[in-house]
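Chain and residue survey
Here's the letter readout for the chains.
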Amino acid sequence: MNKVYEFKEIEKKWCNFWIEKKIFSAKPDKSKKPFTIVIPPPNITGSLHMGHALNNTLQDILIRFKKLQGFNVLWVPGTDHGGIATQNVVEKLLKKEGKTKYDLGREKFLEKMWQWRNETGDTILNQLKKLGCGLDWDRTAFTMDESRSKAVKKTFIHFFNKGLIYRGKRLVNWCPRCTTALSDIEVEYENEKSNLWYIKYPIKNSNDFIVVATTRPETLLGDSAVAVNPDDERYKNLVGKILILPLVNKEIKVVSDFIIDKNFGTGAVKVTPAHDSTDNEIAKRHNLEIIEIIDSDGKMINVDGKYVGLTVLEARKKIAEELETHFLEKVEPYQHAIGRCYRCSTAIEPIMSHQWFLNVKEMSEKAIDVANEEKTKFYPSSWKKPYILWLENLRDWCISRQIWWGHRIPVFYCIDDKGNKNECPPIASFEEPKECPHCKGKNFTQDEDVLDTWFSSALWPLSVLGWGEDENNESLNYFYPTSTLATGHEILYLWVARMVQFGLELRSDIPYKDIFIHGIVRDKHGKKMSKSLGNVIDPIGVMENFGTDALRFALAQAAAPGRDMQISDESFLAARNFANKIWNASRFIIMNLDAIDSLDDKFCPSELADIWILSEFENSSKKIKSFYETYNIDSAAREIYDFFWTKYCDWYIELSKIRIMSDDIKTKKEVLSILIYILKIFLQLASPIMPFITSEIWQILNNPDCQIIAESHFSNDSLEFFQETALNKMSAIQEIISNIRTLRSEMNISPSVQISALFNILDDKNTSLVKENQDYIKRLAKINSIEFGKNIERPKNSALEVVGGFEIFLPLEGLIDIEKEKLRLTKELSNAKQELERTTVTLQNENFTKRAPQSEIDKIKARQNDAATKIKKINGSLNFLL
RNA sequence: GGGCAGUUAGCUCAGCUGGAAGAGCAAUUCCCUUACAAGGAAUAGGUCGCAGGUUCAAUUCCUGCACUGCUCACCA
């Protein structure tokens, strides 16, 4: 074995092995419990970023852990076609050639899309392989492949026939750049600086006027009323009066509506029903005219000729100028939220448009119920409330998009010979109908729109298990509902909530039992990683520089449930060092193993150190397992690190060397058996997070030919070595050792110099323990001989420490600096005096002694005692030195 | 405006069923000791955001406040 863990070759080897041997392919097996995860399908446009690396590392950890527990695990891979986002990417490529999608036409453009997807769509899946993900690659799915397409059509038809899907002209969020409608959650609001224009609306037959405040003067052209709050005294007399719309000279009414806030602006609001959702609702309540003035390309229409064709911003400028002379009271700078397209950041225009909608009311209620009943549980639970609140306020989902890349809406219209639509009801169907049931017509045209990409995503847990083709297939019946969904919170509404709705509607069952929500990866300054900020850390680069296990460990360790994490090269470096530590500790054991012929499976812990490390390990492994179970992956990683480094390596391996170096083969074998026993289980426990290095060492330890840690199971045998007293005994020894080490260090005794020690027994509580285990002290504190005794006089030129019932003298003839020792002892004396003071005050407090539990009182008493002893001894010693 | 997090050592974060403040990185000192210098030993550094309350005891529980971040929302 190399002195340094060389990860590159080893990682490549295991990646290939897991895939070629199909270690993670899963078949239904009734004799085992399933554990299922479906991957949040990455978009085919993407390559692996830190967010993917985190998300998939966490899933892989769960999968590998459950596999060790004996579950029949399935993790389904796949990618998402990514609707608008992907189309935009290909459109940009076309633009470089100086072309638009219209130059190609729908069919040719789609060919281009498919070609692009076939060339680059698998990039990210290959990167997941490199990350070590235990996915069942034979089940790789794509949201637009045949099976998934069937599922989408089937679902649409189901909703359509149930009357839940309908088409209508409604006010929708429109992206003029993508030229498509968006759903409410696809709009991102950002605060921006703008103005608030105060415009005078003259009252008919009067010299008076009402002033309205608006951020959008250009929409004045589409106003059909001015609204005020019914309780607003200022305007009470004006409700019902007629106003003259400036510039347009049209008559509009003053209406009263509860939604108006008296305290904002002037308390009077212009109502533009065709281009504002609040105004649209007011219009419904007051039966107002809806006047469309903005077109689907974001330009003015349908109004006075001089504005037609202007963009919204041009019109705003022009109208503001025209208002200035007679109608503008004032303009104030104002900051407010502007909706932008989540795919291209263009300002959203609310416009009236024919779209398909899905009524989600009933599904939402069911989705709320399963969360309330904890059939689906959130980890951390704090996400439950936002989830429920969102569902409670949900409006119908606009599911149609005016783009080409996606699932075309499976609705067919009966047409006449000239291609005009007949009056017949549209038909939802898998294929083009043969005959119209209404008019017996034979010609049809399919709806032009495609479905929101999130519509197919909402079906993901069902569709990847073959629901589209067969609702009763074995995989679906066995693996559904899935066990856990692991995802970041940014798609809780876009995706997670909708899968619950669809699962309950289509299969009457939740899609997953647990929802594990992790945070977002940020840079070391807490900033979100983004290309524009240039602070992106490429996970592939990290894998190459530090190793994949290091990347995974760093991510795991940072992944506190529900919290964002800051990560940098330092995190990866620490993780790489840990991997190297595991490597070297194992190397040490394996080297010693090579020197003996065979090892017994069973062993009998004979020494304090053995029982101690086995007890510590039992504690740690219980903790680690329970952390994995409860999605506290960060805690699991920390416990793995702490146990291995500070307990196993720093103490136990060091102590084991006493016996490993011994000539007695039996002694040697015994301690090696324990080292190996712990190492093996430790490797299992660490393998979900660090699968590569643990696989490699496991194989070396067991059998170079065939032993696979990923296919091993946790042993059920409880060896029950645990002894509480061993923990206490060992910590007494450790305390003595570290005190001597400190003493040596402060006296500048070189670590390579062996010295002798005198242990003056002050209290017999630890005498036999320390005598029995004095070799530990000798070894770890570099002491060549210890003399025990009562009433040992302090030798000249020695350093002193009072600890654990002993007065320890280190004779340092020729090594000691008397002044330094005085200084040190004075400091210790002062500490001890403070301690005595504190404990004495506490014990004098009757409230404490009366009410505190006895164990607490005993502890304080013991501390008081120790302090008193220490003071006495140090005082004596100081006098001695003077 | 509503909701949710967070505020602990220079940095990144643990700890919180209430009983003497922890890790990693960075810093300082010493050491290439026969697994590991990607290492070992030791040191220094914190009135645990602020103010109250409950308690014998509060970083930990309660209340209020401040600041930071996220998120939702019809303030034109």
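Computed from a predicted structure; not experimentally measured.

1. Focus: the overall build of chain A
- Summing up its helical and strand segments, chain A has 27 helices and 29 strands in all.
- Computed over the C-alpha atoms, the radius of gyration of chain A is 37 Å, more than 25% above the 29 Å expected from 2.2 N^0.38 for a compact globule of 882 residues.
- Relative to its 882 residues, chain A shows a buried fraction of 54%.
- A separation threshold of at least 6 residues defines the contact pool for chain A, and within that pool the share at least 24 residues apart is 77%.
- As displayed, chain A has an accessible area near 40,400 Å², and 47% of this comes from carbon and sulfur atoms.
- A gap of 1 Å separates the mean positions of the 119 positive and 123 negative side-chain charges of chain A.

2. Remarks on the protein's contact with RNA strand B
- As a matter of local geometry, RNA strand B sits amid 55 residues, with Tyr334, Arg587, Trp645, Glu835 and Arg851 nearest to it.
- A share of 58% of the atoms of RNA strand B within 4 Å of the protein falls on sugar and phosphate groups.
- Within the side chain of Asn577, a nitrogen or oxygen atom sits 3.1 Å from a sugar or linking oxygen of RNA strand B.
- Counting only elements with at least two residues in the surface near RNA strand B, the list comes to strand S8 (209–214), strand S13 (328–341), helix H17 (569–594), helix H19 (633–660), helix H22 (724–746), helix H26 (846–851) and helix H27 (854–881).
- Looking at the surface near RNA strand B, the element that brings in the most residues is H17, giving 11 residues.
- When the residues that make up the surface near RNA strand B are grouped by side-chain class, the tally is 22 nonpolar, 13 polar and 20 charged.

3. Observations concerning the nonpolar core
- Ranked by internal contacts, the top residues of the largest apolar core, which has 202 residues, are Leu358, Tyr648 and Phe759.
- Ranked by the residues each element gives to this core, the list is headed by H19, at 13 residues.
- If sequence neighbours within four positions are ignored, Phe759 has contacts with Ile736, Ile740, Val770, Ile777, Ile786, Glu787, Phe788, Gly789, Ile792, Phe806, Glu807 and Ile808.
- Ranked by size, the runner-up nonpolar core spans 37 residues in total, among them Tyr201, Ile252, Val312 and Leu328.

4. Some words on the side chain of Ser353
- Tracing the backbone shows Ser353 in strand S14 (residues 349–358).
- On the basis of relative accessible area, Ser353 is assigned to the buried category, the value being 11%.
- A polar side-chain atom of Ser353 sits 2.8 Å from a polar atom in the side chain of Gln355.
- Beyond its immediate stretch of four places on either side in the chain, Ser353 contacts Gly168, Lys169, Arg170, Val172 and Trp174.

5. Concerning the sheet that holds strand S9 (residues 225–228)
- The 4 strands lie next to each other as S10-S11-S9-S12, forming an open sheet whose pairing is mixed. Two strands bound the open sheet, and with one partner strand each, they are strand S10 (242–245) and strand S12 (268–271). Strand-to-strand twist across the sheet, computed as the mean angle between neighbouring axes with direction ignored, equals 35°.
- Looking at chain direction, S10 and strand S11 (residues 250–256) are connected through 4 bridges and run antiparallel. Bridge assignment links Leu243 to a residue of S11, and that residue is Ile252.

6. Looking at empty space enclosed by the protein
- Applying the stated criterion to the full structure yields 2 cavities of 30 Å³ or more.
- Lining the largest cavity are Gly82, Gly83, Ile84, Ala85, Glu186, Tyr342, Arg343, Arg401, Ile403, Leu451, Asp452 and Thr453.
- Considering every element that reaches the lining of the largest cavity, the biggest residue donor is helix H3 (residues 83–96), with 3 residues.
- Classifying every residue of the lining of the largest cavity gives 5 nonpolar, 3 polar and 4 charged.
- When its volume is computed, the second largest cavity comes out at roughly 50 Å³.
- In terms of residue count, the dominant contributor to the lining of the second largest cavity is helix H2 (residues 50–68) (3 residues).
- A breakdown of the residues in the lining of the second largest cavity according to their chemical character gives 5 nonpolar, 1 polar and 2 charged.

7. Points about the packing of aromatic side chains
- With the rule as written, the count across this model stands at 44 aromatic pairs.
- The interplanar angle of 15° and the centroid separation of 6.2 Å between the aromatic rings of Phe578 and Trp645 together place this pair among those described as stacked. Residue Phe578 is found in helix H17, and its partner Trp645 is found in helix H19; the two are separated by 67 residues along the sequence.
- Ring geometry for Phe788 and Phe806: centres 6.3 Å apart, planes at 65°, overall edge-to-face. Of this pair, Phe788 sits in strand S27 (residues 783–789) while Phe806 sits in strand S29 (residues 806–811), placing them 18 residues apart in sequence.
- Accessibility expressed as a relative area gives 0% for Phe806, which makes it buried.

8. Considering the sheet that holds strand S18 (residues 411–414)
- What the 3 strands build is an open sheet, ordered S19-S18-S20; its pairing is antiparallel. At either end of the open sheet lies a strand with only one pairing partner, and these are strand S19 (427–428) and strand S20 (444–446).
- With 3 bridges joining them, S18 and S20 adopt antiparallel strand pairing. The residue bridging Tyr413 from the neighbouring strand is Thr445, located in S20.

9. Some points on the packing of helix H20 (residues 665–686) against helix H21 (residues 691–701)
- As a packed pair, H20 and H21 sit with axes 9 Å apart at the nearest point and diverge in direction by 150°. Viewed along their axes, H20 and H21 adopt a mutual orientation that is roughly antiparallel. Where H20 crosses over H21, the handedness of that crossing is left-handed. Residues Ile676, Leu679, Lys680, Leu683, Gln684 and Ala686 of H20 form the contact with H21, whose participating residues are Thr694, Ile697, Trp698 and Leu701.
- Looking at the contact of H20 with H21, its residues break down into 7 nonpolar, 2 polar and 1 charged.

10. With respect to the pairing of S10
- Going residue by residue along S10, you find Leu243 and Leu245 tucked away on one face and Ile242 and Ile244 left uncovered on the opposite face.
- Joining the antiparallel neighbours S10 and S11 is a turn of 4 residues, in which Leu247 adopts a positive phi near 65°.

11. Concerning the pattern of salt bridges
- Counting across every chain of the model gives 59 salt bridges.
- A salt bridge links Lys270 to Asp223, with the shortest nitrogen-to-oxygen separation between them at 3.0 Å. Placement of Lys270 in strand S12 and of Asp223 in the loop between S8 and S9 is noted, with a sequence separation of 47 residues between them. In this structure, Lys270 and Asp223 share a single accessibility class: buried.
- With a closest N to O distance of 3.7 Å, Lys873 and Glu807 form a salt bridge.

12. Thoughts on the environment of Ala274
- Relative to the assigned elements, Ala274 resides in the loop between S12 and helix H7 (277–286).
- Between the C-alpha atoms of Ala274 and Glu292, which are 18 residues apart in sequence, the distance is 5.3 Å.
- Residue contacts for Ala274: discarding those within four places in its chain leaves Leu171, Ile290, Ile291, Glu292, Pro350, Ile351 and Met352.

13. Notes on the confidence of the model for chain A
- Across chain A, the average pLDDT comes to 90, with 99% of residues at or above 70.
- Prediction confidence for the complex, expressed as pTM and ipTM, is 0.93 and 0.95 respectively.

14. Side note on helix H8 (residues 312–324)
- The first and last C-alpha atoms of H8 sit 18 Å apart over 13 residues, in line with the 18 Å expected at 1.5 Å per residue.
- When H8 is considered as a whole, its buried residues turn out to be Val312, Ala315, Arg316, Ile319, Ala320 and Leu323. Seen along its axis, H8 keeps its buried residues to an arc of 130°; they face one direction. Summarising the geometry of H8, the exposed residues directed more than 90 degrees from the buried face are Leu313 and Lys317.
- On its buried face, H8 is in contact with strand S7 (187–202), S13 and S14.

15. Brief notes about the state of the cysteines
- Overall, the coordinates contain 0 disulfides when judged by the stated rule.
- Cys414 carries a free sulfur, and the closest cysteine sulfur to it, the one in Cys439, is 3.4 Å from it.
- Given the relative accessible area of 36%, Cys439 is considered partly exposed.

16. Overview of the environment of Val770
- Structurally, Val770 is set in helix H23 (residues 767–772).
- For Val770 and Phe759, which are 11 residues apart along the polypeptide, the C-alpha to C-alpha distance reads 9.8 Å.
- When sequence neighbours within four positions are dropped, the list of residues in contact with Val770 reads Ile733, Ile736, Phe759, Ile777, Phe788 and Phe806.

Reading the values: the criteria
Residues numbered from 1 in each chain as written. Chains lettered and ligands numbered in written order. Predicted model: local features only at pLDDT ≥ 70, side-chain atom pairs only at ≥ 80, totals over all residues. Heavy atoms only, no water. Helix = DSSP H or I, 4+ residues; strand = E, 2+ residues; numbered from the N terminus. Rg over C-alpha atoms; globule rule 2.2 N^0.38 Å. Buried < 20%, exposed > 50% of the residue type's maximum accessible area, 1.4 Å probe, protein only. Contact = heavy atoms within 4.5 Å. Areas by Shrake-Rupley, 256 points an atom, 1.4 Å probe, with all protein chains shown as cover. Lys, Arg positive; Asp, Glu negative; His and termini not counted. Charge placed at Lys NZ, Arg CZ, Asp CG, Glu CD. Near = heavy atom within 4 Å. Polar contact = N/O pair within 3.5 Å; in protein donor to acceptor, adjacent residues only side chain to side chain. Nonpolar A, V, L, I, M, F, W, Y, C, P; charged D, E, K, R; others polar. Core = buried A, V, L, I, M, F, W, Y, C linked by side-chain atoms within 4.5 Å. Pairing = 2+ DSSP bridges. Axes fitted to C-alpha atoms, helices over the stretch in contact; angles between N-to-C directions. 1 Å grid on protein atoms, 1.4 Å probe; cavity = no way out; pocket = protein on both sides within 12 Å on 5 of 7 lines; lining within 4 Å. Points joined across faces, edges and corners; volume = space filled by probe spheres on them. Phe/Tyr/Trp six-rings, centres within 6.5 Å; stacked < 30°, edge-to-face > 60°. Parallel < 35°, antiparallel > 145°, perpendicular 65-115°, else oblique. Left-handed = near helix turned anticlockwise from the far one by under 90°. Salt bridge = Lys/Arg side-chain N within 4 Å of Asp/Glu carboxyl O. pLDDT = per-residue confidence, 0-100. Expected span 1.5 Å × (residues − 1). Arc of directions from axis to C-beta. Disulfide = S-S within 2.5 Å.

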